[in-house]
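As a plain string of letters, each chain reads:
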Amino acid sequence: MLNSYRIRLVIAFVVVLMLVQLATAVFVLNATHREQMLQQQQTLDVGINVFREVLANRSLQLNNSLSVLSADFGFKRAIATGESDTILSVLEDHGNRIGADAAILLSPEGRLISSSIADLGEEDIEVLSELTASMNDGSAARILSFDNASYQFVMQPVKAPTLIAWVGMGFVMDSQVAQQAKAITGVEVSFINKDGNGRFAVESTLGTTSQSALLSQLSMLPELSVEAAEGFPEHYLSYALKLNGKAADKWVVLHLSSLRWEQNYEHLRNSMLSIFPGTLALSLLVAAWLSGSLTLPVHTLVEFARLIGQGQNPPPIKGAPAELAVLADTLTVMRDNTEARERDLIYQSTHDSLTGLANRFAAKRMLQEAGDSLSGTLVLLDIKHFRHINDMIGFANGDSLLVMFARRLETITPAADFLARLDGDAFLLLYKSGITETLLSRAIDQLEAPFSIQDSNISLKIRAGMLSLAEYGGTVGVLLRRIEIALMQACLNDTRIVAYRSGQDEKYQRELTIINQLERGLEQGQFYLVFQPKVDIQSNVCKGAEALIRWNHPELGPIRPDEFIMLAEHTDNIDLISQWVLRQAMDQLVAWQNEGLGLKLAVNLSPRDLVNEALPGQIAQMLDARGLASELLAIEVTEGAVMRDPITAVGVLQKFRDLGLSIAIDDFGTGHSSLAYLKMLPVDEVKIDRSFIKDMLTNTHDAMIVETSIALTHSLGFSVTAEGVEERQTIDVLRQQGCDVVQGYVYSRPLEARDFYHWYVKFNQQDGVSPPT
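Structure report, in brief.

Basis of the calculations
- Residues numbered from 1 in each chain as written.
- Predicted model: local features only at pLDDT ≥ 70, side-chain atom pairs only at ≥ 80, totals over all residues.
- Heavy atoms only, no water.
- Axes fitted to C-alpha atoms, helices over the stretch in contact; angles between N-to-C directions.
- Helix = DSSP H or I, 4+ residues; strand = E, 2+ residues; numbered from the N terminus.
- Left-handed = near helix turned anticlockwise from the far one by under 90°.
- Contact = heavy atoms within 4.5 Å.
- Nonpolar A, V, L, I, M, F, W, Y, C, P; charged D, E, K, R; others polar.
- Buried < 20%, exposed > 50% of the residue type's maximum accessible area, 1.4 Å probe, protein only.
- Pairing = 2+ DSSP bridges.
- Salt bridge = Lys/Arg side-chain N within 4 Å of Asp/Glu carboxyl O.

A word on the packing of helix α2 (residues 73–81) against helix α3 (residues 84–98)
Phase 1: Where α2 contacts α3, the axes come no closer than 8 Å and their chain directions differ by 145 degrees. Once α2 is placed against α3, the crossing between them reads as left-handed. Residues Phe-75, Ala-78 and Ile-79 of α2 touch α3, and the partners they reach there are Thr-86, Ile-87, Val-90 and Leu-91.
Phase 2: Residues belonging to the contact of α2 with α3 are distributed by class as follows: 6 nonpolar, 1 polar and no charged.

In structure tokens, the structure reads:
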């Protein structure tokens, strides 16, 4: 019911009206209360001023009477002669003339001569003596307490002509005085006095109940002396005056009754409350009438919107206000736009935004919907090194190349029954009737024809994985995993087409784990470097080492370097490893330098690194940041790495050489280069592969190859390092053949940094020429 627009409109109207009335009432009542408080305060201020004037007049009256008395010759003579009866008679006579309630005479030394107050104690006399010391002729009155009563007291000296006595008179501050003050000021008066026992007594014009309430609120007196306040006691606006200076034991409180103002306030409040129900009833009637006239077009629009929501095409609303008609037209346009967007969303959810081919989601849905009826062959294509191509031609041209590749896929022979771009440069094809490797190879030939991009011809290399659905069918996840396994094998083996065979899943899972966790392993410290000594066998001194990377995986355990390096190269992650090795190797050089260890450290670079023309600059920045001399770092590359892109590789090697880095050709003899080609390379060192070294003691053919290689390499001006030396006799032969450096287990296996440091120190301190056993 509350969801009805009409009911909500009525409620909103009534609530707004109630809030306005409430705000008006609060404002009027608050303003009235403030005005009444201001009037009360002004009236009370008049009473306070009149009361102060009354006290001043009484003080003046006491001073005038005392002036006459102190000048009376007979009174002076009686004091001089000590006639106590005459003194008492004169004091009483003068006191009665002005209605004084107390008269006292003190000697100049403060001794009591005569008093109309009985039973004055020593403390009272001492107070009077202190009062004489602070008063002169015409001084204002002081409030003193004697016999549990407060007096407005004045003292004056009696001189003849020197001081012969002090005479004083006072008015008692009791209920009678309060009544007199009330008659003059028009406000209630309360005198509050603390007796000798520390209890407060009240002399007041208030009623008994109000006096009791007053005594229970005495803690408010200091606050009332600053500002008048209500409720002291109830129905009064009160203000307190301190009668004895700093002490807080004598007060007079003036009370102005607020009952009349309160009654006026309550009458106003009740009148406003009586008006409220009538106004509310009237507002309900008006709101009901207005809501009926306003909600009818809205109900019509709601029905129109409901029909549109059901997919119908209702007729235009007639007689509706212009605004609602516009809204109805807008709803119609929104419906058309929504339907168009739904069609676009459905298309986008199942198609690749770049190429227009089906996407991974559509491919998985197609495979799932086909179910057991699925047959034929799945083919997964990958563009070899597309990331490198993308870097060279730019992302925009890379996207254009992918679009052209997708259009060509749609025209190849034999034509695929289903095409999809799974991600990046991976494309899935379904041949429902199957396809042979021969026919697929012909189709790939068509795909590898050059593409024209920005007036340049770009040729692609395609790798394909095949999966026979009749032999290796399964769930969608299993199918995609197996076709990816076949494609991965094609990439790793650099084979054009690989068909899936049973038993490859476990190997795939291991390789997938290695690929996915390689970057995390570098970040989490799972990788580390070991160092194998490189010994100058002519001087029997270790002058360098080769840094080798190791990976201890938390689940797979130690992983062979050739396994994870090969996977990193084929997944374009080798840059991460190279950068990590360079940083760690340079950091270790710094640490060894700080320990007094000076040697050259060699690191291996991949074929991808040799076409990275930014790498020399990055290495220079690393060296500068650590304060390392470039002579301490050596670069090792394989023959095959140089031969993949000789022009770019030679340019990068020359930049290394210009930095002052040493360059070595690793695994020499296993590639396709020759010593004549090496002459053209900017290298310093040639490392003979271990395959020639290990059997040279028993195989004269290997021994001859090694001797010839050493001689020819020296003739080109390069130094020679023999790798993989494991026997001590091999060192003697190599030394006789003129080999410069030996590296192998004959000296030491690869060692971690701390172990290498101890080995290095011990080895270089020994005498003789024999390597350690």
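So that's the structure; there's more coming.
Thoughts on the pairing of strand β18 (residues 527–536)
Phase 1: Taken across its 10 residues, β18 has 9 buried, putting it largely inside the fold.
Phase 2: Looking at chain direction, β18 and strand β19 (residues 541–553) are connected through 10 bridges and run antiparallel. By the bridge assignment for β19, Pro-533 is matched with Ala-545.
Phase 3: Here β18 folds back onto β19 in antiparallel fashion, the turn holding 4 residues, of which Asn-540 has a positive phi close to 55 degrees.
Phase 4: By the bridge criterion, 2 bridges tie β18 to strand β26 (residues 741–743) in an arrangement that is antiparallel. Within β26, the position partnered with Val-535 by the bridge is Val-742.

Description of the pattern of salt bridges
Phase 1: For the coordinates displayed, the defined rule picks out 22 salt bridges.
Phase 2: A salt bridge links Arg-510 to Glu-563; the shortest N-O distance between them is 2.8 Å. Taken together, the positions of Arg-510 in helix α16 (residues 505–523) and Glu-563 in helix α17 (residues 561–570) put the pair 53 residues apart, joining distant regions of the chain.
Phase 3: Residues Asp-587 and Arg-626 are paired through a salt bridge, measuring 2.6 Å at the closest nitrogen-oxygen approach. A residue pair is termed long-range when its members are at least 10 positions apart, and Asp-587 in helix α18 (residues 574–594) and Arg-626 in helix α19 (residues 615–626) qualify at 39 residues.
Phase 4: Exposure remark for Asp-587: the relative accessible area of 35% places this residue in the partly exposed category.
Phase 5: By relative accessible area, which is 24% here, Arg-626 ends up partly exposed.
Phase 6: Salt bridges sharing common partners tie together Lys-534, Glu-546, Glu-636, Glu-685, Lys-687 and Glu-723.

Examining the pairing of strand β12 (residues 418–423)
Phase 1: Among the 6 residues of β12, 5 are classified as buried, and the element is accordingly described as predominantly covered.
Phase 2: Pairing of β12 with strand β13 (residues 426–431) involves 5 bridges; the strand directions are antiparallel. Opposite Leu-419, over in β13, you have Leu-429 as the bridge partner.
Phase 3: Hairpin connection, β12 to β13: the antiparallel pair is bridged by 2 residues, and Gly-424 has positive phi, about 45 degrees.

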